[in-house]
Amino acid sequence: MRSGEDLGAPRAFILGGNANTLAFVTSLRADSKTVTAHLVPIAQTPIGAVCGEAWQNLSLALDGLLDWIDATFPADDERAFVAPVRDIELLARINWQVEPPERLDEASVLNIEDVPEDVAEALVHPLRQLVQCAACRRLCVRDHFVWKEQQLCAWDYHRQVFGRRGPWHTGAYEPRHFETIPAAAYVAPPLLDEARVEIVLGIASVEDAVAQQVVNLILAGNSNRAHMAVHTPDGYTVLREGE
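What you see is a predicted model; the values in this text were computed from it and never measured. (Residues numbered from 1 in each chain as written. Predicted model: local features only at pLDDT ≥ 70, side-chain atom pairs only at ≥ 80, totals over all residues. Heavy atoms only, no water.)

**Student:** It is not clear to me how the overall build of the chain should be interpreted in this structure. Could you clarify?
**Tutor:** Scanning the chain for helices and strands turns up six helices and 15 strands. Compactness check: the chain gives a C-alpha radius of gyration of 23 Å against a globular reference of 18 Å for 243 residues, more than 25% above the reference. Its C-alpha atoms put the chain at 75 × 35 × 25 Å along the principal axes. With 243 residues in all, the chain has 47% of them scored as buried. In the chain, the 20 positive side-chain charges and the 34 negative ones have mean positions that sit 6 Å from each other. (Helix = DSSP H or I, 4+ residues; strand = E, 2+ residues; numbered from the N terminus. Rg over C-alpha atoms; globule rule 2.2 N^0.38 Å. Buried < 20%, exposed > 50% of the residue type's maximum accessible area, 1.4 Å probe, protein only. Lys, Arg positive; Asp, Glu negative; His and termini not counted. Charge placed at Lys NZ, Arg CZ, Asp CG, Glu CD.)

So, in structure tokens, the structure goes:
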């Protein structure tokens with residue numbers, strides 16, 4: 001906790017966290033028997049951690065808070081971290097209590113220096129709605145990767161859609177094909193390595209009709225190999241199936 005910090009402003013004090021959860025409080029009072037911890041879900045993605053917008057509130061006995069922190073974020077968990085005990089005890093001694101921040105972000109965290117870089121980076125971006133992957137149950141960002149009406153994490157989406165049984169296509173697409181091609185928030189090149197899939201072309205920020213013409217030029221000129229166009233928020237990514 002930084003020296004000279006304004007302790008009365010709406011802030012969140014991070015108690016600890018791990019790969020899946022971030023715990024913070026906005027009140028630590030020695031004259032209270034309980035403390036409310038707010039639990040923020042975290043999704044791990046190929047492009048970094050993402051904090052969820054749906055928090056859970058957990059009421060804890062104040063005299064058991066440190067034991068809860070140790071049990072929830074144990075030292076043998078390489079992804080876990082905790083706030084210094086001296087800072088927790090200091091805030092309790094001065095009966096610290098503030099209004100919750102309107103938005104949980106890097107600027108609203110009282111002890112951002114205690115937070116790992118990847119979590120601090122996640123707090124720079126807006127909180128997102130998280131769901132469980134239909135295949136592996138890990139947390140993922142809603143609607144980033146949907147296949148056959150199922151919400152998937154990036155790993156399972158890349159494995160299912162870009163694997164051998166994916167919707168590969170030989171030759172140019174007909175107009176109707178563009179209505180049913182896979183759509184994804186992004187394509188993660190490291191996840192393509194397992195299937196030996198290549199990225200042939202990325203098209204962004206051009207009119208859809210022009211982009212589709214470019215896609216078909218690539219597919220028609222390489223009709224001896226199976227390809228797949230993936231619709232992304234800003235355009236298309238063209239993939240070539242591994243041999």
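That shown, we press on.
**Student:** Would you mind showing me how to read the nonpolar core here?
**Tutor:** Proteins that are soluble and globular tend to have nonpolar side chains buried together. Of all hydrophobic cores here, the largest spans 32 residues; its most connected members are Tyr157, Phe162, Tyr173, Val215, Met228, Val230 and Leu239. Those elements that provide at least two residues to this core are α4 (154–161), α6 (208–221), β14 (227–232) and β15 (235–240). Non-local contacts of Met228, meaning those with residues more than four positions away in its chain, are made with Val161, Phe162, Gly166, Pro167, Trp168, Tyr173, Pro182, Thr237, Val238 and Leu239. The next biggest cluster of nonpolar side chains, apart from the first, holds 21 residues, and it includes Trp68, Phe73, Ile88 and Ala92. (Core = buried A, V, L, I, M, F, W, Y, C linked by side-chain atoms within 4.5 Å. Contact = heavy atoms within 4.5 Å.)

**Student:** Explanation requested: the pattern of salt bridges in the structure shown.
**Tutor:** Should their charged atoms come close, side chains of opposite charge can pair. Under the criterion given, the structure shown has eight salt bridges. Between Arg159 and Asp156 there is a salt bridge, with the nearest N and O atoms lying 2.8 Å from each other. With Arg159 and Asp156 both in helix α4, this residue pair falls three residues apart, about one helical turn. For Arg159, a relative accessible area of 46% gives the class partly exposed. (Salt bridge = Lys/Arg side-chain N within 4 Å of Asp/Glu carboxyl O.)

**Student:** When you look at the pairing of strand β5 (residues 48–51) in this model, what are you seeing that I'm missing?
**Tutor:** Remark: a regular strand shows side chains that alternate across the two faces of the sheet. Inspection of the sheet shows strand β4 (residues 34–45) paired to β5 by four bridges, in the antiparallel sense. Paired with Ile42 across the two strands is Cys51, which belongs to β5. (Pairing = 2+ DSSP bridges.)

**Student:** Would you mind showing me how to read the sheet that holds strand β13 (residues 198–204) here?
**Tutor:** The strands making up a sheet associate through hydrogen bonds between their backbones, and the pairing can be parallel or antiparallel. Here we have three strands laid out as an open sheet, ordered β13-β15-β14, and antiparallel in their pairing. Of all strands in the sheet, those with a lone pairing partner are β13 and β14, marking the two edges. Ignoring which end each strand starts from, the neighbouring axes of this sheet average 20° apart. Across six bridges, the pairing between β14 and β15 is antiparallel. Looking across to β15, one finds that Met228 is bridged to Leu239. Against the sheet, α6 makes contact with β13, β14 and β15, and its axis sits at roughly 10° relative to β15, the strand it touches most. (Axes fitted to C-alpha atoms, helices over the stretch in contact; angles between N-to-C directions.)

**Student:** Looking at this structure, how should I read helix α2 (residues 85–93)?
**Tutor:** Given 3.6 residues to a turn, an α-helix orients residues that are three or four positions apart in the same direction. Asp87, Ile88, Leu91 and Ala92 are the residues of α2 that are buried. All buried residues of α2 lie within an arc of 135° about the axis, which places them on one face of the element. In α2, those exposed residues whose orientation departs by more than 90 degrees from the buried face are Arg86 and Arg93. The secondary structure elements touched by the buried residues of α2 are β1 (13–17), β3 (27–28), α1 (65–72) and β8 (96–97). Backbone geometry just downstream of α2 places Asn95 in the positive-phi region, at approximately 55°. (Arc of directions from axis to C-beta.)

**Student:** Explanation requested: the environment of Glu194 in the structure shown.
**Tutor:** Relative to the helices and strands, Glu194 resides in the loop between α5 (189–192) and β13. Along the backbone, Glu194 and Trp155 are 39 residues apart, and their C-alpha atoms lie at a distance of 11 Å.

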